[in-house]
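Understanding the architecture of this molecule
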Amino acid sequence: MRFIFPAILFLTGCSLSKSPTRSTEELRQSIQVALKAEDYSKAEKELTELISLDPKSFDSLIGRAGLRVFRGDALGSEADFNAAIAIDDEKGTKARFYIANRAIWRAREFNMKGQNTDALRIYDVLLTLYPKSGMAYHDRGGVKTDMKDFDGAIADLTKAIEFDEGNNAFGDSFTLRARAKRAKGDEAGAIEDEKLSSTKTNARKQLSPR
């Protein structure tokens with residue numbers, strides 16, 4: 001599971017109020033080694049040590065937040081992002097969006113490989129960070145359909161439709177929800193969603209340049 005990105009690899013120096021057992025440079029090098037070895041538990045531990053030395057280190061907080069997103073720690077990642085945003089609102093907000101965007105692509109890769117539990121873990125975190133993300137609901141609904149959690153899929157896809165961010169330009173969430181409803185034996189509901197999907201598709205085609 002390789003997800004190294006600049007916010008983690010290139011941590012800036014920290015201003016310290018006390019002398020650490022290991023220098024910050026040694027810690028940063030240890031973090032890079034752990035990341036390259038995909039030892040994310042150790043990398044998070046080392047980042048936590050950096051943060052304990054300098055709680056206001058923006059880069060350390062963002063680095064640990066990113067690790068926690070991919071490791072499925074929703075509350076921990078949210079706390080780290082909020083702490084970083086408190087230090088620098090603009091940079092912190094942009095970093096959170098960047099990491100979330102990387103994470104959603106990684107979750108899709110897991111789904112394509114059939115690693116649905118790993119994908120689900122990431123989507124759960126993303127929806128803690130962005131509770132109105134129609135895209136994340138849409139994708140998680142698809143994963144839950146693959147996992148045969150049809151009730152969960154229908155709930156997520158209903159949210160995706162509510163918070164539409166473009167997935168429904170051609171009625172995609174309706175199509176997925178129809179599949180989940182049919183799997184549950186709700187043929188009438190599936191047919192209705194397919195009609196809604198078709199309506200969306202036709203409307204979109206009429207707006208497309210010829």
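Rules of the game
Residues numbered from 1 in each chain as written. Predicted model: local features only at pLDDT ≥ 70, side-chain atom pairs only at ≥ 80, totals over all residues. Heavy atoms only, no water. Axes fitted to C-alpha atoms, helices over the stretch in contact; angles between N-to-C directions. Helix = DSSP H or I, 4+ residues; strand = E, 2+ residues; numbered from the N terminus. Parallel < 35°, antiparallel > 145°, perpendicular 65-115°, else oblique. Left-handed = near helix turned anticlockwise from the far one by under 90°. Contact = heavy atoms within 4.5 Å. Nonpolar A, V, L, I, M, F, W, Y, C, P; charged D, E, K, R; others polar. Polar contact = N/O pair within 3.5 Å; in protein donor to acceptor, adjacent residues only side chain to side chain. Salt bridge = Lys/Arg side-chain N within 4 Å of Asp/Glu carboxyl O. Buried < 20%, exposed > 50% of the residue type's maximum accessible area, 1.4 Å probe, protein only. Phe/Tyr/Trp six-rings, centres within 6.5 Å; stacked < 30°, edge-to-face > 60°. Lys NZ or Arg CZ within 6 Å of the ring centre and 35° of its normal.

1. Overview of the packing of helix α6 (residues 89-112) against helix α7 (residues 116-129)
- Running from N to C, α6 and α7 point in directions that differ by 155°, and their axes come no closer than 7 Å. Of the possible angle classes, the one that applies to α6 and α7 is roughly antiparallel. The hand of the α6/α7 crossing is left-handed. Between α6, through Ala100, Ala103, Ile104, Arg106, Ala107, Arg108, Phe110 and Asn111, and α7, the contact on the second element is made entirely by Asn116, Asp118, Ala119, Arg121, Ile122, Tyr123 and Leu126.
- Within the contact of α6 with α7, the residues separate by chemical class into nine nonpolar, two polar and four charged.

2. What to know about the side chain of Arg68
- In this fold, Arg68 is placed in helix α4 (residues 58-71).
- Among the polar contacts listed, one links the side chain of Arg68 to the side chain of Asp80, at a separation of 3.1 Å.
- Once residues within four sequence positions are removed from consideration, Arg68 is found in contact with Glu44, Thr48, Asp73, Gly76, Ser77 and Asp80.

3. Comments concerning the pattern of salt bridges
- Under the definition given, this model contains 19 salt bridges.
- A salt bridge links Arg140 to Asp156; its shortest N-O distance comes to 2.7 Å. Placement of the pair is Arg140 in helix α8 (residues 134-146) and Asp156 in helix α9 (residues 150-162), with a sequence separation of 16 residues.
- Look at Arg140 and you get buried, because its relative accessible area is 13%.

4. Let's talk about the packing of aromatic side chains
- All chains considered together, the criterion is met by one aromatic pair.
- A centroid spacing of 6.2 Å and a plane angle of 25° characterise the contact between Tyr137 and Phe163, whose relative ring orientation is stacked. Placement of Tyr137 in helix α8 and of Phe163 in the loop between α9 and α10 (172-183) is noted, with a sequence separation of 26 residues between them. Considered together, Tyr137 and Phe163 belong to a single accessibility category, that of buried residues.
- Across from the ring centre of Phe110, 4.7 Å away, lies the NZ or CZ of Arg106, which sits over that ring.
- Residue placement shows Arg108 over the ring face of Trp105; its charged tip is 4.6 Å from the ring centre.

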